[in-house]
Amino acid sequence: MSAVGERNELGLTAWDRYRILTTYRTIAMVGLSTNYYNASSFAAIYLDANGYDIIPVNPVQAGKAEILGKPVYATLADAAKDHRIDIVDVFRPSAEAPELARQAVDIGAKVLWCQLGVSSEEAAAIAREMGLEVVMDRCCKIEHARFFGGLRTIGLNTGVITSRLAMKIPEG
């Protein structure tokens, strides 16, 4: 397993990630949390605000809550009954990725995208063998923001990139 964010062959090229984000608009987010302080929520809010159709998939919250004003589905198969899903975005442990890859294949998804820290050679092989594109150990929100200028939106308010202190430290 690679370190989180390590540049590896499972992230595809920048061009491939750009093409995926400009081609496909419906994202099933597996593991999307109702806790708005979780990374999955930051990503979902950002992508929703940028025109993506976010489909929440969380078996614990299914039928109990809404996320982004949308019903939460227990499984990808349940979500696929009501939506054509392009990207399966995985916010679950790497050990769960192979089964989610199989489910992504079963529902006819085009892309298996695993978030930062989620990487599985087995899941990648399953998805690729059935014709899906695979991105692992990358964040949809960060990649979108990198390509389209939203790095300061929701959680990364940088404005200026510098190594200098923002204010002078008083002497004495």
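Above this text you will find the structure in question.
Residues numbered from 1 in each chain as written. Predicted model: local features only at pLDDT ≥ 70, side-chain atom pairs only at ≥ 80, totals over all residues. Heavy atoms only, no water.

A. Fine view of the sheet that holds strand β1 (residues 26-30). Overall, parallel pairing links the 5 strands, which are arranged β2-β1-β5-β6-β7 in an open sheet. Every interior strand has two partners, whereas the edge strands, β2 (53-57) and β7 (133-135), have only one. Pairs of neighbouring strands in the sheet enclose a mean axial angle of 20 degrees, with direction left out of account. Direction of pairing for strand β5 (residues 87-90) relative to strand β6 (residues 111-114): parallel, over a ladder of 4 bridges. (Pairing = 2+ DSSP bridges. Helix = DSSP H or I, 4+ residues; strand = E, 2+ residues; numbered from the N terminus. Axes fitted to C-alpha atoms, helices over the stretch in contact; angles between N-to-C directions.)

B. Summary view of the pairing of β2. The element β2 is largely enclosed, with a buried count of 4 among its 5 residues. The sheet contact formed by β1 and β2 spans 5 bridges and is parallel. Bridge pairing in β2 links Met29 to Pro56. Between the parallel elements β1 and β2, the chain passes through helix α2 (residues 39-49) in a crossover that is right-handed. (Buried < 20%, exposed > 50% of the residue type's maximum accessible area, 1.4 Å probe, protein only. Right-handed = clockwise from strand over helix to strand, strands pointing away.)

C. Molecular detail of the packing of aromatic side chains. For the structure on display, the rule yields 4 aromatic pairs. Ring centres of Tyr18 and Phe147 lie 5.6 Å apart, and the angle between their planes is 85 degrees; on these two criteria the pair is classed as edge-to-face. With Tyr18 in helix α1 (residues 14-23) and Phe147 in helix α6 (residues 140-148), this pair connects stretches of sequence that are 129 residues apart. You can call Phe147 partly exposed: its relative accessible area is 23%. An aromatic cluster of at least three residues, connected via ring pairs, comprises Trp15, Tyr18, Phe147 and Phe148. Looking at Arg25, its charged tip hangs above the ring of Tyr52, at a distance of 3.8 Å from the centre. (Phe/Tyr/Trp six-rings, centres within 6.5 Å; stacked < 30°, edge-to-face > 60°. Lys NZ or Arg CZ within 6 Å of the ring centre and 35° of its normal.)

D. Structural detail: the packing of helix α4 (residues 97-107) against helix α5 (residues 121-129). Taken N-terminus to C-terminus, the directions of α4 and α5 make an angle of 10 degrees; their axes are 8 Å apart at the nearest point. The pairing of α4 with α5 is recorded here as roughly parallel in orientation. In terms of crossing hand, the pair formed by α4 and α5 is right-handed. Of the residues in α5, those in contact with Ala97, Pro98, Ala101, Arg102 and Val105 of α4 are Glu122, Ala123, Ile126 and Ala127. (Parallel < 35°, antiparallel > 145°, perpendicular 65-115°, else oblique. Left-handed = near helix turned anticlockwise from the far one by under 90°. Contact = heavy atoms within 4.5 Å.)

E. Looking closely at unusual backbone geometry. Despite not being glycine, Leu68 shows a phi value in the positive range, around 55 degrees. Following the sequence through the fold, Leu68 ends up in the loop between β3 (66-67) and β4 (70-71). A relative accessible area of 25% means that Leu68 is categorised as partly exposed.

F. Structural context of the nonpolar core. Counting 25 residues, the largest nonpolar core has Val57, Leu76, Val88, Val90, Leu112, Cys114 and Met136 as the members making the most contacts within it. Listed in part, the 21 residues of the second largest apolar core include Val72, Val135, Cys140 and Ala145. (Core = buried A, V, L, I, M, F, W, Y, C linked by side-chain atoms within 4.5 Å.)

The values reported here are purely geometric and, on their own, carry no functional implication.
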